[in-house]
Amino acid sequence: MLYDRDSIARALKDLGAKENVPLSELVSFRVGGPAAFVLQPREEATLCRALNVCRAERFPVILLGNGTNVLPPDEGFEGLILQLSGDGSAPAFEGEKVVAGAGCSLTALAKESVQRGLMGLERLCGIPGTVGGAVAMNAGAYGGEIKNVLRRVRCYRDGAFVWEDARLDEMGYRRSPYTWPGTVVTAAELQLMPDDGTAAETMADCMRRRREKQPLSLPSAGSTFKRPEGHFAGALIEGCHLKGCTVGGAQVSELHAGFIVNRGGATAGDIHALIRHVQDVVYGETGVMLEPEVKRLEDLVCIF
Ligand SMILES: Cc1cc2nc3c(=O)[nH]c(=O)nc-3n(C[C@H](O)[C@H](O)[C@H](O)COP(=O)(O)OP(=O)(O)OC[C@H]3O[C@@H](n4cnc5c(N)ncnc54)[C@H](O)[C@@H]3O)c2cc1C
């Protein structure tokens, strides 16, 4: 251990960090051991101070939004989780533009924009992440993606926060240049359009399709695998008769084979083992190697 843990603990607790928090409380899969420290910074200044503390001591950091696309380890994480989620700041609408903090709920933002007579986010309603997580992942659904409305991004660069034009050329399917490790997004400016009269209906339709087709009553991280070129992951998995397949408390959803769910009591190890099993079987039977969309928390560790 190269860092002075006591002095880090003091500095982080002064900023409002909690100690020894189960990761299972921070992620939608509801698995994972304890995180040494968790901080939900309300202001950029606090976020900056926390990053400086960790940089000075080379203490490991992970950035999360709502934790709806990550799988943490059972062993937990000896470091700081910075969670930009639920900061409570209201999005600022001005004409057809809106500036939203990274911790805003994407679904709440989509609903509010439709209520205000704007369209552009209605297909993303129901994605359970934050605005920051959506930018980082280029979240999308039902033919829409955040990239289509993203104009500017507020990021941490060399010790300061700056607005940058969105690097749309570098954004693609579940991919962006704004993702941690390394990049912190604290806000996004979106350019919406006047509603042509279809936004509310489209939003309701997308939400209905989610309720009917997705196992929303069980913990998951949404689609476990990316869509392979020319295929649908769920259809390949179902075609290999893996629906309902279980390892411990982890199960390939009986409702939607593209989702792995925590039926209760799953460990991260169960989920990893099931992911590998599904990959092996699907590869063996179809020749298609499924790539996880869900990120392993271990892969998000950043030491400045
Ligand atoms: C039931 C369910 C349905 C889902 N449906 C969809 C869907 O239809 N479409 C879709 O795209 N996804 C879907 N998802 C996955 C997930 O909600 C999205 O990927 C979402 O954008 C993740 O946001 P988050 O705030 O939870 O990010 P997290 O899961 O916390 O983080 C995801 C990644 O983004 C990084 N990150 C988070 N915040 C920031 C930030 N401020 N700055 C830089 N990097 C950051 C993290 O470090 C991590 O690498 C679904 C998940 C569930 C559980």
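Parameters and conventions
- Residues numbered from 1 in each chain as written.
- Predicted model: local features only at pLDDT ≥ 70, side-chain atom pairs only at ≥ 80, totals over all residues.
- Heavy atoms only, no water.
- Helix = DSSP H or I, 4+ residues; strand = E, 2+ residues; numbered from the N terminus.
- Rg over C-alpha atoms; globule rule 2.2 N^0.38 Å.
- Buried < 20%, exposed > 50% of the residue type's maximum accessible area, 1.4 Å probe, protein only.
- Contact = heavy atoms within 4.5 Å.
- Areas by Shrake-Rupley, 256 points an atom, 1.4 Å probe, with all protein chains shown as cover.
- Lys, Arg positive; Asp, Glu negative; His and termini not counted.
- Charge placed at Lys NZ, Arg CZ, Asp CG, Glu CD.
- Domains from an automatic or database assignment.
- Buried area = accessible area lost by both parts, 1.4 Å probe.
- Salt bridge = Lys/Arg side-chain N within 4 Å of Asp/Glu carboxyl O.
- Near = heavy atom within 4 Å.
- Polar contact = N/O pair within 3.5 Å; in protein donor to acceptor, adjacent residues only side chain to side chain.
- Nonpolar A, V, L, I, M, F, W, Y, C, P; charged D, E, K, R; others polar.
- Arc of directions from axis to C-beta.
- Pairing = 2+ DSSP bridges.
- Axes fitted to C-alpha atoms, helices over the stretch in contact; angles between N-to-C directions.

Summing up its helical and strand segments, the protein has 7 helices and 19 strands in all. For 304 residues, the compact-globule estimate of 2.2 N^0.38 gives 19 Å, and the C-alpha radius of gyration of the protein, at 20 Å, lies within 12% of that figure. The principal-axis extents of the C-alpha atoms in the protein amount to approximately 55 × 50 × 30 Å. Residues counted as buried form 53% of the 304 residues belonging to the protein. In the protein, once contacts between residues fewer than 6 apart in sequence are set aside, the share between residues at least 24 apart is 65%. Only carbon and sulfur atoms are counted for the fraction: they give 48% of the accessible area of the protein, which is about 13,700 Å². Each charge class in the protein was averaged separately, 33 positive and 38 negative side chains, and the resulting centres sit 1 Å apart.

Attention now moves to the domain arrangement of the protein. Where the parts come together, the accessible area they lose is often given as the size of the interface. By domain assignment, the protein separates into domain 1 (5–85), domain 2 (92–194) and domain 3 (215–297). Computed over C-alpha atoms only, the centres of domain 1 and domain 2 are separated by 23 Å. Of the residues lining the interface, 15 residues belong to domain 1; the matching set on domain 2 comes to 15 residues. Here domain 1 and domain 2 share an interface that buries about 1,200 Å² over both sides, 64% of which is from carbon and sulfur atoms. It is Glu44, Leu63 and Leu84 that lose the most area in domain 1 upon contact with domain 2, and together they represent 38% of the buried surface on that side. Between domain 1 and domain 2 we count 1 salt bridge in total. With a shortest N-O distance of 2.7 Å, arginine 154 and glutamate 44 are connected by a salt bridge.

Residue proline 181 is bonded to the preceding tryptophan 180 through a cis peptide linkage, with omega at 5 degrees. Of note, proline 181 is situated in the loop between strand S12 (160–165) and strand S13 (185–191). In the Ramachandran plot, arginine 58 falls in the positive-phi region, its phi being about 50 degrees despite a non-glycine side chain. Positive phi, normally seen in glycine, also occurs at asparagine 138, with a value near 45 degrees. Summarising the element assignment, asparagine 138 is placed in the loop between helix H4 (131–137) and strand S9 (140–141).

What follows is about the site of the ligand. Contacts to the ligand come from 37 residues, most closely from Leu63, Gly65, Thr68, Thr130 and Gly140. Threonine 130 places a polar side-chain atom, nitrogen or oxygen, 2.7 Å from an oxygen atom of the ligand. Alone, the ligand offers 970 Å² of accessible surface; in the complex the protein occludes 95% of this. Every element with two or more residues in the shell around the ligand is listed here: strand S3 (61–64), H4, S9 and strand S15 (220–223). When its residues are assigned to classes, the shell around the ligand shows 18 nonpolar, 16 polar and 3 charged.

This brings us to helix H3 (residues 106–115). Within H3, the full set of buried residues consists of Leu106, Thr107, Leu109, Ala110, Ser113 and Val114. Projected onto a plane normal to the axis of H3, the buried residues spread over an arc of 160 degrees and lie on a single side.

As a further point, take the pairing of S13. Burial analysis of S13 places 6 of its 7 residues in the buried class, which makes it a mostly covered element. Bridge count for strand S11 (residues 150–157) against S13 is 5 bridges, and the pairing is antiparallel. Looking at the pairing, leucine 150 lines up with leucine 190 of S13.

Taken in spatial order, the 4 strands line up as S1-S2-S5-S3 in an open sheet, and their pairing is mixed. Two strands lie at the open edges of the sheet, namely strand S1 (18–22) and S3, each paired on one side alone. The average angle at which neighbouring strand axes cross in this sheet is 40 degrees, direction not considered. Here strand S2 (residues 34–39) pairs with strand S5 (residues 77–83) via 4 bridges, running parallel. Paired with leucine 39 across the strands is leucine 82, a residue of S5. Relative to S2, helix H1 (residues 5–14) is tilted by about 40 degrees, and along the sheet it contacts S1, S2 and S5. Along the sheet, helix H2 (residues 44–57) makes contact with S2, S3 and S5, crossing S5 at roughly 160 degrees.

Relative to the assigned elements, leucine 121 resides in the loop between strand S8 (118–119) and H4. For leucine 121, a relative accessible area of 1% translates into the label buried. For the pair formed by leucine 121 and leucine 109, sequence separation is 12 residues and the distance between their alpha carbons is 8.0 Å.

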